[in-house]
Amino acid sequence: MDQYSIPIKYRKMENLHIVFWLFKDIGWCLFWKPLGIVMIIPTLAISIVIVYRTRNMVSEMCHNLAITFWISANSYWMISEFLKFDALSFYGVITYKHLALIPFLLGVFCLAFYYVIWHPRHPNEIETM
C-alpha cells in the first residue's frame, strides 16, 4: 500500500502556519487590528510556500491553493471590517465585503478543477485525496 508522508520540516511549517492563522482570526474576533493585520503576512506567506512545495502533487496543490485563496478572502474581509468599508456599496447592492467572494470562488474553482476534471482523467495517480 502506498503511503503519503510529509517531511518533518514541512510538517513543522504547516503547524506554525495554523498558529499564525489562529492569531490572525483572534485579532479579527477581538478587533485587535494590529495583531490581525500583521498575522496576514506570515499566514499567507507560509500558505504560498506550502502550495509551491506541493506543486508536484496535484491533489495537494489544488487543496493548498484553495486554502491560500480562503486566507486571502478571509484577510480582505477582515481588513474591510477593520477599516469600516465592508458595508459600503461597491455597485448596487454589492458591498465591498462581497468582493471577498472572488478569492473564495477561486478556491472553489481549484477544488472543482481537481475533482471534476483532473482526478477523473487520472484515476491511477497516487494522490492523497
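For the structure itself, consult the block above.
Presented here is an overview of the structure given in this document. Note that the structure is predicted; figures quoted are calculated from it, not measured.

By size, the foremost hydrophobic cluster in this structure holds five residues: M13, F20, M39, I46 and I50. Of all elements in the fold, only α1 (8-29) and α2 (33-53) reach the threshold of two or more residues within this core. Here this core gets three residues from one element, more than from any other, and that element is α2. Those residues in contact with M13, other than ones at most four positions away along the chain, are I46, V49, I50 and R53.

Enumeration according to the criterion identifies two salt bridges in this entry. For R11, the salt bridge identified is with E14, shortest N-O distance 3.1 Å. Residue R11 and its partner E14 are both found in helix α1; the two are separated by three residues, about one turn of the helix. A relative accessible area of 18% places E14 in the buried class. K24 is paired through a salt bridge with D25; the nearest N and O atoms lie 2.6 Å apart. Taking relative accessible area as the criterion, K24 reaches 0% and is therefore assigned buried.

Turning next to α2. Helix length check: α2 (21 residues) gives 31 Å between terminal C-alpha atoms against 30 Å at 1.5 Å per residue, within 8%. Roughly 25° is the biggest bend found in α2, and it falls at I40, with proline P42 one to four residues downstream. Inspection of α2 places G36, M39, I40, P42, T43, I46, S47, I50 and V51 among the buried residues, and these make up the whole buried set. The inward-facing, buried residues of α2 contact α1 and α3 (58-82).

Let's shift gears to the packing of aromatic side chains. What the rule picks out here adds up to nine aromatic pairs. Plain terms: the ring middles of F31 and F82 are 4.9 Å apart, the flat faces sit at 85° to each other, and that makes the pair edge-to-face. Here the residue F31 occupies a position in the loop between α1 and α2, and F82 occupies one in helix α3, the gap between them amounting to 51 residues. Exposure remark for F31: the relative accessible area of 37% places this residue in the partly exposed category. Here F82 falls in the buried class, since its relative accessible area comes to 1%. Measuring from centroid to centroid gives 4.9 Å for Y114 and Y115, while their planes differ by 80°, and the two rings are edge-to-face. Judged by relative accessible area, Y114 falls into the buried class, the value being 0%.

Rules of the game
As a convention, each chain's residues are numbered from 1 in the sequence order in which they are written. In view of the model being predicted, local features appear only for residues whose pLDDT reaches at least 70, and side-chain atom pairs are presented and counted only at 80 or more, with totals across whole chains, interfaces and linings using the full set of residues. Side-chain numbers come from the whole structure's heavy atoms, not from hydrogens or water. In these notes, a set of buried Ala, Val, Leu, Ile, Met, Phe, Trp, Tyr and Cys residues joined through side-chain atoms within 4.5 Å is what counts as a nonpolar core. Here's how the labels work: a residue is buried when its accessible area is under 20% of the maximum for its type, exposed when over 50%, partly exposed in between, all with a 1.4 Å probe on protein chains only. Secondary structure elements follow DSSP: runs of H or I of four or more residues count as helices, runs of E of two or more count as strands, with numbering from the N terminus. Contacts are residue-level and defined by heavy atoms, with any inter-residue pair within 4.5 Å sufficient. Salt bridges are defined by distance alone: a side-chain nitrogen of Lys or Arg within 4 Å of a carboxyl oxygen of Asp or Glu. Multiplying 1.5 Å by the residue count of a helix minus one yields the expected span of that helix. Consider a residue and the seven residues that end there alongside the seven that start there; fitting an axis to each set, the bend is the angle between those axes. Any two of the Phe, Tyr and Trp rings considered here, Trp counted by its six-membered ring, make a pair once their centres fall within 6.5 Å; the pair's planes then place it as stacked at under 30 degrees, edge-to-face at over 60, or tilted in between.

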